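Residues per chain are reported as follows:
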Amino acid sequence: MGREREAGKGSYTVEQLVAFNRYNPDILPDLENYVNEQVSSQTYSLDANLCLLRLYQFEPEKMSSQIVARILVKALMAMPAPDFSLCLFLIPERVQMEEQFKTLIVLSHYLETGRFRQFWDEAAKSRHIVEAVPGFEQSIQGYAIHVLSLTYQKIPRTVLAEAINIEGLSLDKFLEHQVASSGWVIDKSQGRGQVIILPRNEFNDPALKKNAADSVPLEHITRIFPILS
């Protein structure tokens, strides 16, 4: 994020507009344009997008459903970060009831619960929403792999294919790339590459797990205690 905008007699970056004019409705068009730039350039700025959603709260008549939908799709692409929930919190409930936003909320739920088959099925019905944002499919595939790698040391090819929505020769090429770049191993002892062995980590291998007290930062623990009391 570094595009310059004309403001008065000077030029300002989007970062500066957000930092110094966070509640100034005059920057609303700049932030809307920046959402479209994020889409076309496949970049992302949660801070700028949250700022825009806050401004929409003060200027509801200026809200663009198309822009809000693009913000939410970009937020889905950022998972496992909680960006979608942060954005949704700033969107009025009456707006959330629009069909496209109800669909995105369902998609978010499927991703959060690891129900990837249902996710891809639902996304296929809503291509006009998600395909408007380049890189969507690849981002979700990356998130699915992240989830699988936290859960499995070995994964059947069929489970992987369902999670990332790739099959056949395309899956063969994908696996070749992962073997070369990410340390995956294809176990061919059970047939034609039927089992994929994922790199070990502290989440999928108990032997690598740290002591829970060591792995949870103290500030997280101090935040939990008031909630429990």
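Heads up: the structure comes first, above all this text.
This structure is a prediction, so every number in the text was calculated from the model and none was measured.

**A look at the overall build of the chain**
Helix and strand counts for the chain come out as 14 helices and five strands. Burial statistics for the chain: of 229 residues in total, 41% are counted as buried. In the chain, once contacts between residues fewer than 6 apart in sequence are set aside, the share between residues at least 24 apart is 55%. Of the accessible surface of the chain, which amounts to about 13100 Å², a share of 53% is contributed by carbon and sulfur atoms.

**With respect to the sheet that holds strand β3 (residues 154–156)**
The three strands lie next to each other as β3-β5-β4, forming an open sheet whose pairing is antiparallel. In the strand order of this sheet, the two ends are held by β3 and β4 (185–187), each with one partner. Going from strand to strand, the sheet's axes swing by 30 degrees on average, the running direction of each strand aside. Where β3 lies against strand β5 (residues 195–197), three bridges are found, and the strand directions are antiparallel. Along β5, the bridge assignment pairs Lys-154 with Ile-197.

**Digging into helix α2 (residues 28–41)**
The terminal C-alpha atoms of α2 lie 20 Å apart, and with 14 residues this matches the ideal 20 Å at 1.5 Å per residue to within 8%. Taken together, the buried positions of α2 are Leu-28, Asp-30, Leu-31, Glu-32, Tyr-34, Val-35, Glu-37, Gln-38 and Val-39. Downstream of α2 by one or two residues, Gln-42 has phi in the positive range, about 55 degrees.

**Here's the deal with the packing of α2 against helix α3 (residues 46–58)**
Closest axis-to-axis distance for the α2/α3 pair is 10 Å, and the angle between their directions is 140 degrees. Relative to α3, the element α2 lies oblique. Relative to α3, the crossing made by α2 is left-handed. Counting all contacts with α2, which are made through Leu-28, Leu-31, Glu-32, Tyr-34, Val-35 and Gln-38, the residues of α3 involved are Ala-48, Asn-49, Cys-51, Leu-52, Leu-55 and Tyr-56. Residue composition of the contact of α2 with α3, grouped by class: nine nonpolar, two polar and one charged.

**Overview of the environment of Val-18**
Examined against the element boundaries, Val-18 turns out to sit in helix α1 (residues 14–20). The spatial distance from the C-alpha of Val-18 to the C-alpha of Asp-47 is 8.0 Å, given a sequence separation of 29 residues. Those residues in contact with Val-18 that sit more than four places away from it in its chain are Leu-31, Asp-47, Ala-48 and Cys-51.

**Digging into unusual backbone geometry**
With an omega of 20 degrees, the peptide bond running from Met-79 to Pro-80 counts as cis. Here Pro-80 shows up in the loop between α4 (65–77) and α5 (83–89). With a phi close to 55 degrees, Gln-42 is a non-glycine residue in the positive phi region. Tracing the chain through its elements places Gln-42 in the loop between α2 and α3. Even without being glycine, Asn-165 reaches a positive phi, approximately 60 degrees. Within the element layout of this structure, Asn-165 appears in the loop between α11 (157–164) and α12 (168–182).

**Brief notes about the packing of aromatic side chains**
Considering all chains together, one arrives at four aromatic pairs under this definition. For the pair Phe-116 and Tyr-143, a centre-to-centre distance of 6.1 Å together with 65 degrees between the ring planes defines the contact as edge-to-face. Of the two residues, Phe-116 is situated in helix α8 (residues 116–125) and Tyr-143 in helix α10 (residues 136–151); the sequence distance between them amounts to 27 residues. What makes Phe-116 buried here is its relative accessible area of 6%. When its relative accessible area of 8% is taken as the criterion, Tyr-143 is described as buried. Ring geometry for Phe-119 against Trp-120: centres 5.0 Å apart, planes inclined by 80 degrees, an arrangement best described as edge-to-face.

Analysis parameters
- Residues numbered from 1 in each chain as written.
- Predicted model: local features only at pLDDT ≥ 70, side-chain atom pairs only at ≥ 80, totals over all residues.
- Heavy atoms only, no water.
- Helix = DSSP H or I, 4+ residues; strand = E, 2+ residues; numbered from the N terminus.
- Buried < 20%, exposed > 50% of the residue type's maximum accessible area, 1.4 Å probe, protein only.
- Contact = heavy atoms within 4.5 Å.
- Areas by Shrake-Rupley, 256 points an atom, 1.4 Å probe, with all protein chains shown as cover.
- Pairing = 2+ DSSP bridges.
- Axes fitted to C-alpha atoms, helices over the stretch in contact; angles between N-to-C directions.
- Expected span 1.5 Å × (residues − 1).
- Parallel < 35°, antiparallel > 145°, perpendicular 65-115°, else oblique.
- Left-handed = near helix turned anticlockwise from the far one by under 90°.
- Nonpolar A, V, L, I, M, F, W, Y, C, P; charged D, E, K, R; others polar.
- Phe/Tyr/Trp six-rings, centres within 6.5 Å; stacked < 30°, edge-to-face > 60°.

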